[in-house]
Amino acid sequence: MGHILNERTTSEFSIETVKLRRVFRLDRRARRDAGKLLVALDDMDLQVRRGELFGCLGPNGAGKTTLIRILATLLTPSGGRAFVEGFDVHRETHRVRPIINMVSGGETCGYGILTAMENLRLFTELYGIPWRIARPRVERMLEVVGLDKFKRVRVNKLSTGLRQRVNFARGFTTDPKVLFLDEPTTGLDVHSARNTRDFIRQWLAENPRKTILLTTHYMAEADELCDRVAIIDRGLMVACDTPAALKKTVRRETALELTISGVEPPPDKWKRLEGVVNLAVESNPLEKVTNVRVLLSDAGAGGMLIREITDDGRRLLGLHTIEPTLEDVFIKLTGRRLSESEPAPTAGGG
Amino acid sequence: MLKAVGFFVRVVLARAYVRVIGAQRELSWIIGDTLLPFLAVAAYVYVYKAMGAPEKYTGFVVLGGIIVTFWMHMIWSMAMQFFWEKEMGNLERYLMSPLPRPALLLGMALGGIVMTSTRALIIYLASRLFFHLEFHVTEPGLAVAVFVATLFALYGMGMVLSSLFFIAGRGIYYGLQITAEPIFFLGGFYFPVRQLGLLVGAAAAALIPTTLGLDALRQTMLDAYDTGILSPNIELLILTVMGVVFVYASVVIIHRMEDYGRRSGKLILRNE
């Protein structure tokens, strides 16, 4: 075991998973699916290098949060293994926990009865960090998230947005070697989300040996922030590369965004048209329209598609070409949009 | 070793601080935790006075009222605490941190004892003021030892329940509500439990540490040896053993429940 540990610790990977698998048994709340197994992660192999800002991109229900919860020692794998800084997250939790931290976006934590500063102090104490060391970090983070003026205000007197900022600050005050950011900008306004992204980048620039694993379903966020991105869908990693390299895979294709009348799902024959690589739809019941994002290997196929649409009695309300993004990579690989939440597949019950 | 002890103490104090500071900052808590039990105490005192019961019955009720505050705190802020922590988003933060789990339980317990002691003191002082209560402490050392052992056993029980209910959902909240009145009755909070008969009294004492503690306190502080179910010395011994067993059990249970929660995924699920 010691040999394996030393070998792992000197590994270039800060995070590594080997055939990592997690299944959940659905309980009575799942009604007719109760008792069935839900595959949240399916034999995932992942390597994140030290100093990397690695993104996991996928729709809701893809398995991103399950992955982070396993790496954060909150969930045991059903199969395979996972390592953080060379330590097995299942068998060596006592070695993993002091060097990690996690922030989930849209969440708050701590006690309303304590001030923002007292809450941050409390969470550093849980890592055994003396106050003389933690204090400068806490002060700095309060400044970074714009809470320095409110540091002596009780948290239950702060708005939800400000409380989320306290939670974000908490993740950095323990100075973790590996930080998990689970949808960190969820629920933040545009300005705060921008500041958050800037700080994440700055923190990593100041600490080049630290690692961040970030999950998001905002493709622009993954594109802007991450050194590499893994695209996850239904518990499977369907692609992993730099954002530029991933986008290169759709560079030859033409991406179109169509708006058509009606909210009925389009027939499969649209997908089967020659020159159509893949398409994804998103219906908008309020406006009674459907947005179709389509990747074409041949720009001429667009005409055929429009003809099919009109032959099916739908009206074309809008059309424009777009620069392919990571969203188009996702569509090409899965035939769905990132905004669609997709439950992970279920396996046989019993 | 020294580092580990230092870390343990740091966590205990950090978690206890939340409760100690809460006791000073939230006026509504103080009112809810002192005024309501005091009203219940007053009601029983007036019933006994109207019946012309001996003066020591006022003491029975006041001691019961003091212990009730500890009991209520143990149930709602120890046993239920991880449920609230999950609701607040703290449980995951605690569990992914390296903190020693028993230190978390101990911090909750010690903070709770300090916080609740201020309420108990207020009830005692108010009783002196309004009912001219006088204790007749025959064995002060024994009385103090019994009081400490009662809290030790009670909060040890709280640590066990807290660990047991670690991953429980909302059902436990309703379950505890249902048990409140039977516990009040069997606990003998407002009357000497011997009135239920020696057998029932002993059975209640075996289940509820406060029954035993209250019985011993009444004997030693009110010179009411004739109403006890056991000798206070024996009760002190039983309470101490109960406390040790509870604390040990809580350490074992919290680790087992955490393992179960990580395997089943219940740690990361929201409360039902």
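Parameters and conventions
- Residues numbered from 1 in each chain as written.
- Chains lettered and ligands numbered in written order.
- Predicted model: local features only at pLDDT ≥ 70, side-chain atom pairs only at ≥ 80, totals over all residues.
- Helix = DSSP H or I, 4+ residues; strand = E, 2+ residues; numbered from the N terminus.
- Rg over C-alpha atoms; globule rule 2.2 N^0.38 Å.
- Buried ≥ 20, exposed ≤ 12 C-beta atoms within 10 Å, placed from the backbone.
- Contact = placed C-beta atoms within 7 Å.
- pLDDT = per-residue confidence, 0-100.
- Pairing = 2+ DSSP bridges.
- Axes fitted to C-alpha atoms, helices over the stretch in contact; angles between N-to-C directions.
- Domains from an automatic or database assignment.
- Expected span 1.5 Å × (residues − 1).
- Nonpolar A, V, L, I, M, F, W, Y, C, P; charged D, E, K, R; others polar.
- Core = buried A, V, L, I, M, F, W, Y, C linked by C-beta atoms within 7 Å.

(A) Structural context of the overall build of chain B. The helix and strand inventory of chain B stands at 11 helices and 0 strands. The order of α-helices and β-strands along chain B, N terminus first, is α-α-α-α-α-α-α-α-α-α-α. Computed over C-alpha atoms, the radius of gyration of chain B comes to 19 Å, within 12% of the 19 Å expected from 2.2 N^0.38 for 272 residues, which places it in the range of a compact globule. Principal-axis analysis of the C-alpha atoms gives chain B an extent of 60 × 40 × 40 Å. Relative to its full complement of 272 residues, chain B shows a buried share of 49%. Sequence separation of 24 or more characterises 84% of the internal contacts of chain B that already satisfy a separation of 6 or more.

(B) Representation of the overall build of chain A within the structure. Helix and strand counts for chain A come out as 12 helices and 15 strands. For a compact globule of 350 residues, the expected C-alpha radius of gyration is about 20 Å, and chain A comes in at 23 Å, within 12% of that figure. Counting only C-alpha atoms and orienting by the principal axes, one finds that chain A spans roughly 70 × 50 × 45 Å. Going through the 350 residues of chain A one by one, you find that 45% of them count as buried. Pairs at least 24 apart in sequence give 73% of the contacts found in chain A among residues at least 6 apart.

(C) Local environment of the confidence of the model for chain A. Overall, the predicted model of chain A reaches an average pLDDT of 87, with 92% of residues at or above 70. Residue range residues 1-9 of chain A is modelled with pLDDT below 50. Its contacts to residues more than four positions away, or to other chains, number 5 contacts.

(D) View of the sheet that holds strand E12 (residues 276-284) of chain A. Residue and element names in this part refer to chain A. The strand order across the open sheet formed by 4 strands is E12-E13-E11-E14, and the pairing between neighbours is antiparallel. The open sheet is flanked by E12 and strand E14 (316-322), the only strands paired with a single partner. Looking at each pair of strands side by side, their axes are set apart by 15° on average, direction ignored. Across 8 bridges, the pairing between E12 and strand E13 (residues 289-296) is antiparallel. Paired with Ala280 across the strands is Arg293, a residue of E13.

(E) How the structure looks around the domain arrangement of chain A. The assigned domain composition of chain A is domain 1 (2-242) and domain 2 (252-323). Each of domain 1 of chain A and domain 2 of chain A has a C-alpha centre, and the two are 37 Å apart.

(F) Expanded view of the sheet that holds strand E10 (residues 236-241) of chain A. Residue and element names in this part refer to chain A. Read from one edge to the other, the open sheet built from 6 strands follows the order E6-E7-E8-E3-E9-E10, with strand pairing classed as mixed. The sheet is open, and its two borders are formed by strand E6 (100-104) and E10, each paired with just one other strand. When the angles between neighbouring strand axes are averaged without regard to direction, this sheet yields 15°. As judged from the 5 bridges shared by E6 and strand E7 (residues 178-182), these two strands associate in the parallel manner. Note on E7: the bridge partner recorded for Val103 is Leu181.

(G) Main features of helix H6 (residues 160-173) of chain A. Residue and element names in this part refer to chain A. Helix length check: H6, at 14 residues, gives a terminal C-alpha distance of 20 Å against a target of 20 Å (1.5 Å per residue), a fit within 8%. Burial runs high along H6: 11 of the 14 residues are buried. Buried residues belonging to H6 abut E6, helix H4 (116-125), helix H5 (131-144), E7 and helix H7 (190-206). After H6 finishes, the residue Asp175 shows a positive phi value of roughly 50°.

(H) Molecular detail of the interface of chain A and chain B. Contacts between the two partners involve 25 residues from chain A and, on the opposite side, 25 residues from chain B. Of all the secondary structure elements, the ones that give two or more residues to the side of chain A that touches chain B are E6 and H4 of chain A. The leading source of residues in the side of chain A that touches chain B is H4(A), at 3 residues. Each residue belonging to the side of chain A that touches chain B can be placed in one class, and the counts come to 15 nonpolar, 6 polar and 4 charged.

(I) Representation of the environment of Arg197(A) within the structure. Residue and element names in this part refer to chain A. In this fold, Arg197 is placed in helix H7. Note: C-alpha distance between Arg197 and Arg170 (27 residues apart in sequence) is 16 Å. Those residues in contact with Arg197 that lie beyond four places of it in its chain are Thr185, Glu221, Glu224 and Leu225.

(J) Structural context of the nonpolar core. Leu71(A), Val84(A), Phe180(A), Leu213(A), Val294(A) and Tyr155(B) are the most contacted members of the largest nonpolar core, which totals 170 residues. Here this core spans two domains, since at least three of its residues come from each of domain 1 (2-242) and domain 2 (252-323) of chain A. Contacts of Phe180(A), omitting those with residues within four sequence positions, involve Ile68(A), Leu71(A), Ala72(A), Ile100(A), Met102(A) and Leu213(A).

(K) Representation of the pairing of strand E3 (residues 53-57) of chain A in the model. Residue and element names in this part refer to chain A. E3 sits mainly inside the fold: 5 of its 5 residues count as buried. As paired elements, E3 and strand E8 (residues 211-216) share 5 bridges and run parallel to each other. Each bridged residue has a counterpart across the sheet, and for Cys56 the counterpart in E8 is Thr215. One ladder, built from 4 bridges, connects E3 with strand E9 (residues 228-233); its direction is parallel. Bridged to Gly55 within E9 is Val229.

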